[in-house]
Amino acid sequence: MNDIILKEIGKIVIPYIQIFGIYVIFNGHLSPGGGFSGGTVIGASLVLYKLIYGPEMIKKIINYKIVMHSMSIALLAYGILKGYSFITGGADLHLFQIPLGTPGNILSGGLLLPLNIAVGIIVGFTIFAFYSLFDEGEL
Amino acid sequence: MEIFSIIMLLFLVGCSIAVSITKNLLASIIIFMSYSLIMAILWEILNAPDLAITEAAVGAGITTLLFVLTLKRVRGVKK
């Protein structure tokens with residue numbers, strides 16, 4: 001699509017959408033939102049980028065390898081962290097616990113913040129992958 | 001706020017009936033998007049802001065885009 005208005009508006013709007021998505025992910029344990037909501041917002045911004053600037057521009061930044069690597073790393077991190085919390089909590093072992101921090105800060109709530117970040121990465125790239133699969137049949 | 005919710009619910013019922021009786025598929029998808037948008041406002045009224053964010057992003061954005069792409073793929077749009 002070669003529309004000058006669309007491209008210039010996209011340059012202004014897309015960073016704000018992504019910053020809002022990151023805000024929703026990072027404040028998931030303090031305010032409404034969380035990994036899934038913020039991930040869908042970031043995925044929508046990636047879809048908008050691809051829709052405006054074409055598939056060649058985004059292939060330089062996000063290709064099949066990067067999507068698969070980051071989703072696998074995020075899934076592994078989610079499994080390890082949540083499994084660790086299940087083992088220490090369920091079996092009543094006195095292992096190392098993540099410090100809880102002061103309530104109300106960003107760094108509080110123990111494992112909720114890293115789990116939210118992992119879920120956000122997975123959901124955002126999954127929505128982008130859905131759009132790519134529907135559009136071209138490949139990632 | 002009571003009257004506002006009732007008006008929004010009436011819009012919701014009207015949209016959901018219009019989706020099923022519209023013959024043009026593209027118009028049906030656009031009405032479905034407005035249904036999703038009204039649903040996001042209703043989630044906000046029902047004190048569920050996180051669901052409102054998700055509904056506005058998924059229902060009004062991603063689902064509509066995927067429906068339009070599928071319609072383009074099966075050539076359902078009349079020129």
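Here the structure is a predicted model, which is why all the values come from computation and not from measurement.

Visitor: A description of the overall build of chain A should follow, citing residues and the corresponding values.
Guide: In terms of helices and strands, chain A carries 5 helices and 0 strands. Projected onto the principal axes, the alpha-carbon positions of chain A cover approximately 60 × 30 × 20 Å. The burial tally for chain A puts 35% of its 139 residues in the buried class. Relative to all contacts within chain A whose residues are 6 or more apart in sequence, the contacts with residues 24 or more apart total 66%. Accessible area for chain A stands at about 8,400 Å²; split by element, carbon and sulfur atoms hold 73% of it.

Visitor: Quick one: what's the story with the overall build of chain B, residue by residue and with numbers?
Guide: On a plain count of helices and strands, chain B comes out with 3 helices and 0 strands. Helices and strands appear in chain B in the N-to-C order α-α-α. In terms of principal-axis extent, the alpha carbons of chain B reach across some 45 × 25 × 15 Å. For chain B, buried positions account for 28% of its 79 residues. Relative to all contacts within chain B whose residues are 6 or more apart in sequence, the contacts with residues 24 or more apart total 50%.

Visitor: Before we move on, can you summarise the environment of Ile106 of chain A with the specific residues and values?
Guide: Residue and element names in this part refer to chain A. Here Ile106 lies in the loop between helix 4 (64-90) and helix 5 (112-136). Judged by relative accessible area, which is 36%, Ile106 ranks as partly exposed. Taking the C-alpha atoms as reference points, Ile106 and Gly34, separated by 72 residues in sequence, lie 13 Å from one another. Look past the residues within four positions of Ile106 in its chain and what remains in contact with it is Phe26, Asn27, His29, Leu30 and Leu113.

Visitor: Mind laying out the packing of helix 2 (residues 35-53) of chain A against helix 3 (residues 49-73) of chain B, listing which residues take part and the relevant values?
Guide: Where helix 2 of chain A contacts helix 3 of chain B, the two axes come as close as 9 Å, and the packing angle between them is 30°. Viewed along their axes, helix 2 of chain A and helix 3 of chain B adopt a mutual orientation that is roughly parallel. With respect to the hand of their crossing, helix 2 of chain A and helix 3 of chain B are arranged in left-handed fashion. Seen from helix 2 of chain A, the contacting residues are Phe36, Ser37, Thr40, Val41, Ala44, Val47 and Leu51 of chain A; seen from helix 3 of chain B, they are Asp50, Ile53, Thr54, Ala57, Val58, Ile62 and Leu65 of chain B. Taken together, the residues of the contact of helix 2 of chain A with helix 3 of chain B sort by class into 10 nonpolar, 3 polar and 1 charged.

Visitor: How would you summarise the interface of chain A and chain B if you had to cite specific residues and measurements?
Guide: Counting residues at the interface gives 15 residues for chain A and 13 residues for chain B. On inspection of chain A and its partner chain B, the count reaches 3 residue pairs in polar contact (both at pLDDT 80 or more). The element best represented in the side of chain A that touches chain B is helix 2 of chain A, accounting for 7 residues. Its residues assigned to classes, the side of chain A that touches chain B shows 10 nonpolar, 3 polar and 2 charged.

Visitor: So what's going on with empty space enclosed by the protein? Residues and values would help.
Guide: All names here are of chain A. On inspection of all chains with the given rule, the structure shows 1 cavity of 30 Å³ or more. Space inside the largest cavity adds up to approximately 50 Å³. Taken together, Lys50, Ile58, Lys59, Ile62, Asn63, Tyr64, Phe128, Ser132 and Leu139 make up the full set of residues lining the largest cavity. Of all elements in the fold, only helix 3 (55-61) and helix 5 reach the threshold of two or more residues within the lining of the largest cavity.

Visitor: Explain the nonpolar core to me, using residue names and the numbers behind them.
Guide: Counting residues in each nonpolar core, the largest one holds 11 residues, listed as Ile14, Leu46, Tyr49, Ile52, Tyr53, Ile58, Ile62, Val67, Met71, Phe125 and Phe128 of chain A. Broken down by secondary-structure element, the contributors of at least two residues to this core are helix 2, helix 4 and helix 5 of chain A. Of all the elements, helix 2 of chain A adds the most residues to this core, at 4 residues. Not counting residues within four places of it along the chain, the set of residues in contact with Leu46 of chain A comprises Gln18, Ile58, Ile62, Phe125 and Phe128 of chain A. Ranked by size, the runner-up nonpolar core spans 7 residues in total, among them Val47 and Tyr131 of chain A together with Ile62 and Leu66 of chain B.

Cut-offs and rules
- Residues numbered from 1 in each chain as written.
- Chains lettered and ligands numbered in written order.
- Predicted model: local features only at pLDDT ≥ 70, side-chain atom pairs only at ≥ 80, totals over all residues.
- Heavy atoms only, no water.
- Helix = DSSP H or I, 4+ residues; strand = E, 2+ residues; numbered from the N terminus.
- Buried < 20%, exposed > 50% of the residue type's maximum accessible area, 1.4 Å probe, protein only.
- Contact = heavy atoms within 4.5 Å.
- Areas by Shrake-Rupley, 256 points an atom, 1.4 Å probe, with all protein chains shown as cover.
- Axes fitted to C-alpha atoms, helices over the stretch in contact; angles between N-to-C directions.
- Parallel < 35°, antiparallel > 145°, perpendicular 65-115°, else oblique.
- Left-handed = near helix turned anticlockwise from the far one by under 90°.
- Nonpolar A, V, L, I, M, F, W, Y, C, P; charged D, E, K, R; others polar.
- Polar contact = N/O pair within 3.5 Å; in protein donor to acceptor, adjacent residues only side chain to side chain.
- 1 Å grid on protein atoms, 1.4 Å probe; cavity = no way out; pocket = protein on both sides within 12 Å on 5 of 7 lines; lining within 4 Å.
- Points joined across faces, edges and corners; volume = space filled by probe spheres on them.
- Core = buried A, V, L, I, M, F, W, Y, C linked by side-chain atoms within 4.5 Å.

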